[in-house]
Amino acid sequence: MRGDMDEDLVMTSYATAQRPGDRAFQCDATAVFTAPDGTRAYALLDGVGDSPAVRSWTRTAALRLVRAAAGHADAEAGLRAEYGHYAAAPARTAGHGLPCAAAVVAVHVPGGLVRRCPRLPPPGRTPAPADRGPQRPPGVRRRGP
């Protein structure tokens, strides 16, 4: 890259590979989307079935999912939003054999802090009794060494 260019150096930090095996159609899909604020979502969908309809649906669902996850800046919120969209479709509630997939989504928010699980106390603080999970009744001792 020349020094007088105003463009940022872009580095690809992800990759995917697929192997269809004995299947006639590759019904798994991956997608990546970067929102204007730099939030980037990645999705991997494992399509259930082996047909052109499943392949097409899974690819479309992966694209919709990464856009939703990046738009929410949260993987779970994106998954829930898209699940709600698909679950509300009348054809799905009628029990038709429509395509489906298992999905994994990851979201990177530039400069964002990693959110801590609500059950974990902040670093350096002893958990309060409610944070410790189930407690033994008084007088009951732990077995073993």
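For the structure itself, consult the block above.
Description of the structure in this document.

### Focus on the sheet that holds strand E1 (residues 28-34)
Now for step 1: Read across the open sheet, the three strands follow the order E1-E2-E3; overall the sheet is antiparallel. Each of the sheet's edge strands pairs with one partner strand only, and the pair in question is E1 and strand E3 (101-108). Averaged over neighbouring strand pairs, the angle between their axes works out to 10° when direction is ignored.
Now for step 2: Here strand E2 (residues 40-47) pairs with E3 via eight bridges, running antiparallel. Along E3, the bridge assignment pairs Tyr42 with Ala106.

### What about helix H2 (residues 75-87)?
Now for step 1: Between its first and last C-alpha, H2 extends 18 Å over 13 residues, near the 18 Å set by a 1.5 Å rise per residue.
Now for step 2: Those residues of H2 that fall on the buried side of the exposure criterion are Ala75, Gly78, Glu82 and Tyr86. The arc enclosing the buried residues of H2, seen along the axis, measures out at 70°, which places them on a common side.
Now for step 3: Its side-chain oxygen at 3.0 Å from the backbone nitrogen of Glu76, Asp74 defines the N-terminal cap of H2.

### Things to note about helix H1 (residues 52-72)
An α-helix turns once per 3.6 residues; consequently, residues spaced three or four apart project the same way.
Now for step 1: Over its 21 residues, H1 runs 30 Å from end to end, which matches the ideal 30 Å to within 8%, given 1.5 Å per residue.
Now for step 2: Within the sequence span of H1, burial applies to Val54, Trp57, Thr58, Ala61, Ala62, Leu65, Val66, Ala68, Ala69 and Ala70.

### Examining the side chain of Asp74
Now for step 1: Tracing the sequence through the fold places Asp74 in the loop between H1 and H2.
Now for step 2: Here Glu76 takes part through its backbone nitrogen, which lies 3.0 Å from a polar atom of the side chain of Asp74.

### Examining the environment of Gly38
Now for step 1: Structurally, the position occupied by Gly38 is in the loop between E1 and E2.
Now for step 2: Along the backbone, Gly38 and Val109 are 71 residues apart, and their C-alpha atoms lie at a distance of 6.9 Å.
Now for step 3: Beyond its immediate stretch of four places on either side in the chain, Gly38 contacts His108 and Pro110.

### So, the layout of surface pockets
Now for step 1: Considered as a void within the structure, the largest pocket measures approximately 300 Å³ in volume.
Now for step 2: As for the largest pocket, its lining consists of 14 residues, and the residues nearest its centre are Trp57, Glu82, Tyr83, Tyr86 and Ala101.
Now for step 3: Of all the secondary-structure elements, those providing two or more residues to the lining of the largest pocket are H1, H2 and E3.
Now for step 4: With five residues, the top contributor of residues to the lining of the largest pocket is H2.
Now for step 5: Taken together, the residues of the lining of the largest pocket break down into twelve nonpolar, no polar and two charged.

What counts, and where the lines are drawn
- Residues numbered from 1 in each chain as written.
- Predicted model: local features only at pLDDT ≥ 70, side-chain atom pairs only at ≥ 80, totals over all residues.
- Heavy atoms only, no water.
- Pairing = 2+ DSSP bridges.
- Helix = DSSP H or I, 4+ residues; strand = E, 2+ residues; numbered from the N terminus.
- Axes fitted to C-alpha atoms, helices over the stretch in contact; angles between N-to-C directions.
- Expected span 1.5 Å × (residues − 1).
- Buried < 20%, exposed > 50% of the residue type's maximum accessible area, 1.4 Å probe, protein only.
- Arc of directions from axis to C-beta.
- Polar contact = N/O pair within 3.5 Å; in protein donor to acceptor, adjacent residues only side chain to side chain.
- Contact = heavy atoms within 4.5 Å.
- 1 Å grid on protein atoms, 1.4 Å probe; cavity = no way out; pocket = protein on both sides within 12 Å on 5 of 7 lines; lining within 4 Å.
- Points joined across faces, edges and corners; volume = space filled by probe spheres on them.
- Nonpolar A, V, L, I, M, F, W, Y, C, P; charged D, E, K, R; others polar.

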